[in-house]
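Read off the chains here:
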Amino acid sequence: MWTYLIRRAIQSVFVLFIVMSVCFCAMRLMPGNMWTLSIGMTEEQIQYANEQKHLFGLDLPIYQQYFRWVNDLLRGNFGLDYYHTPISSYIWGYFWNSFYLLGTSFLIALLIAIPWGIYNSKRQDGLSDKLGLILSLVGYSIPVFVLGHWLQEIFAFKLFWFPPSSMHAPNKKGDWVDLIYHMVLPVATVTIGLIAYYMKMVRTSMIEVLPSEFLNLARAKGASERRVTYRHALRVAVVPVITIIMLDLPTLISGAAVVENVFNWGGIGSLAVFSAQSRNYPVLLMIILIISAFVVVANFLADLLYTIVDPRVKIHRKSVLRR
């Protein structure tokens, strides 16, 4: 078991190293920068651009730039953005804003989707199952930015129930009640699609597991149907759901970036879009690195969850390691 975890940890570090190396080279090889956005520059503008390139080391060979960047990372230094501001002084604030949005949406979606999917798997073609099917079609078909604009139009501009954008009212920054009030529409936009997707996954997985022989054996031994469903069937059915959730993390983060721009939410996604538009590549590179590290760690934790929810996975891994 520990041998497997060590192997996975080494693989995760290697994957992260490959991702950050490729992203660094791609950023450095992209044409143009934020100081040469237009043609027909004056001599003073050209001289200023060259001074900035020298200041940030952009005139060095790419391998020297890479080693300097890695050396700074190992010392915990994220460097300066092209506005001469330390990246570490503000990037984590944007990260936590995204975490509040995604974490809340993710938690609400799972709390609704898992019980609903289990209920629909045991009452197929019922009213609840049909409503779930309709929600799945809506969640799959409507892009998140369209759904966000619809929710803004209905609940913010017509009914005036919720604010249309931003994270706080101008005079209530730091107020948690005001933050939750502003979170309602963006969280709803992200959650609707997640509920539709995960509910369908849980339903399908439970339908495949419920007729299994080991569950019939548990019923024959006198186990209640509730125990059979939630103690035995769900532990097996949730394994593919965990896989799908971890594989969907990059898509979820990219979708949240769209939602953040629709609702002017100051998260890591909106910062990435602004950095790309302004060609502030050091910030964009650190965002990609942080998201990549988050996805790699999440996939590593998924492997740990497999061994907890399904003992057969642990047995299989031990047998593989003994070969």
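Note that this is a predicted model, so its numbers are computed, not measured. (Residues numbered from 1 in each chain as written. Predicted model: local features only at pLDDT ≥ 70, side-chain atom pairs only at ≥ 80, totals over all residues. Heavy atoms only, no water.)

Draft legend 1. Molecular detail of the overall build of the chain. Of the regular secondary structure elements, the chain holds 13 helices and zero strands. Referenced to the eigenvectors of the C-alpha coordinate spread, the extents of the chain come out at roughly 85 × 65 × 35 Å. Every one of the 323 residues in the chain was classed for burial, and the buried ones make up 40%. When the accessible area of the chain is evaluated, it comes to approximately 18600 Å², of which 67% is carbon and sulfur surface. (Helix = DSSP H or I, 4+ residues; strand = E, 2+ residues; numbered from the N terminus. Buried < 20%, exposed > 50% of the residue type's maximum accessible area, 1.4 Å probe, protein only. Areas by Shrake-Rupley, 256 points an atom, 1.4 Å probe, with all protein chains shown as cover.)

Draft legend 2. Spatial organisation of helix α9 (residues 225-247). When the terminal C-alpha atoms of α9 are compared, their 32 Å separation across 23 residues agrees well with the 33 Å that a helix rising 1.5 Å per residue should span. Largest kink in α9: about 50°, centred on Leu-234. Turning to α9, its buried residues number three or more, namely Val-228, Thr-229, Ala-233, Leu-234, Val-236, Ala-237, Val-238, Val-239, Val-241, Ile-242, Ile-245 and Met-246. (Expected span 1.5 Å × (residues − 1). Bend = angle between axes of the 7 residues up to and from the residue.)

Draft legend 3. Structural view of the packing of helix α6 (residues 144-158) against helix α7 (residues 176-209). It is the contact of α6 with α7, at a shortest axis distance of 9 Å, that shows an interaxial angle of 140°. Between α6 and α7, the crossing angle belongs to the class labelled oblique. Taken as a pair, α6 and α7 cross one another with a handedness that is right-handed. Only Leu-185, Ala-188, Thr-189 and Ile-192 of α7 make contact with α6, whose side of the interface consists of Val-144, Leu-147, Gly-148, Leu-151, Gln-152, Phe-155 and Ala-156. Grouping the amino acids of the contact of α6 with α7 by side-chain chemistry returns eight nonpolar, three polar and no charged. (Axes fitted to C-alpha atoms, helices over the stretch in contact; angles between N-to-C directions. Parallel < 35°, antiparallel > 145°, perpendicular 65-115°, else oblique. Left-handed = near helix turned anticlockwise from the far one by under 90°. Contact = heavy atoms within 4.5 Å. Nonpolar A, V, L, I, M, F, W, Y, C, P; charged D, E, K, R; others polar.)

Draft legend 4. Unusual backbone geometry, seen in detail. One non-glycine residue, Asn-264, lies in the positive phi region at around 55°. Structurally, the position occupied by Asn-264 is in the loop between α10 (249-262) and α11 (268-277). The backbone of Arg-279 shows a phi angle near 55°, a positive value even though the residue is not glycine. Within the element layout of this structure, Arg-279 appears in the loop between α11 and α12 (281-309).

Draft legend 5. The arrangement of the packing of helix α4 (residues 91-122) against α7 in detail. Two elements in contact, α4 and α7, have axes separated by 5 Å at closest approach and are oriented at 35°. As for the relative orientation of α4 and α7, their crossing is right-handed in sense. Taken together, the residues of the contact of α4 with α7 break down into 23 nonpolar, six polar and one charged.

Draft legend 6. Region of interest: the UniProt feature "transmembrane region" (unreviewed entry) in the chain. Per the UniProt entry, the sites bearing "transmembrane region" (unreviewed entry) are residues 12-30, 99-119, 131-151, 179-199, 236-263 and 283-309 in this numbering. As a span, residues 99-119 carries 100% helix and 0% strand, and end to end its C-alpha atoms are 30 Å apart. Along residues 179-199, the helical share is 100% and the strand share 0%, with 28 Å between the first and last C-alpha atoms. (UniProt positions renumbered as here; feature names shortened; annotations may be inferred.)

Draft legend 7. Spatial organisation of the pattern of salt bridges. In this structure the tally under the stated criterion is two salt bridges. Among the salt bridges present, the one from Asp-72 reaches Arg-75, with a minimum N-O distance of 2.7 Å. Overall, the relative accessible area of 22% leaves Asp-72 in the partly exposed class. Since its relative accessible area comes to 59%, Arg-75 is described here as exposed. Between Asp-129 and Arg-203 there is a salt bridge whose closest N-O contact spans 2.7 Å. A residue pair is termed long-range when its members are at least 10 positions apart, and Asp-129 in helix α5 (residues 127-141) and Arg-203 in helix α7 qualify at 74 residues. When sorted by exposure, Asp-129 lands in the same class as Arg-203, which is buried. (Salt bridge = Lys/Arg side-chain N within 4 Å of Asp/Glu carboxyl O.)

Draft legend 8. Spotlight on the state of the cysteines. Counted under the stated rule, the structure contains zero disulfides. As a non-bridged cysteine, Cys-25 has Cys-23 as the owner of its nearest cysteine sulfur, 9.5 Å distant. By relative accessible area, which is 34% here, Cys-25 ends up partly exposed. (Disulfide = S-S within 2.5 Å.)

Draft legend 9. Layout of the packing of aromatic side chains. Applying the stated criterion across every chain, the model contains 16 aromatic pairs. When the centroid spacing of 5.0 Å and the interplanar angle of 70° are considered together, the rings of Phe-56 and Tyr-82 count as edge-to-face. With a gap of 26 residues between them, Phe-56 in the loop between α2 (43-55) and α3 (62-74) and Tyr-82 in the loop between α3 and α4 connect regions that are remote in the sequence. No difference in accessibility class separates Phe-56 from Tyr-82, as the two residues are buried. When the centroid spacing of 5.7 Å and the interplanar angle of 40° are considered together, the rings of Phe-155 and Trp-161 count as tilted. Aromatic ring contacts, followed pair by pair, group Phe-78, Trp-92, Phe-95, Trp-96, Phe-99, Tyr-100 and Trp-176 into a single cluster. (Phe/Tyr/Trp six-rings, centres within 6.5 Å; stacked < 30°, edge-to-face > 60°.)

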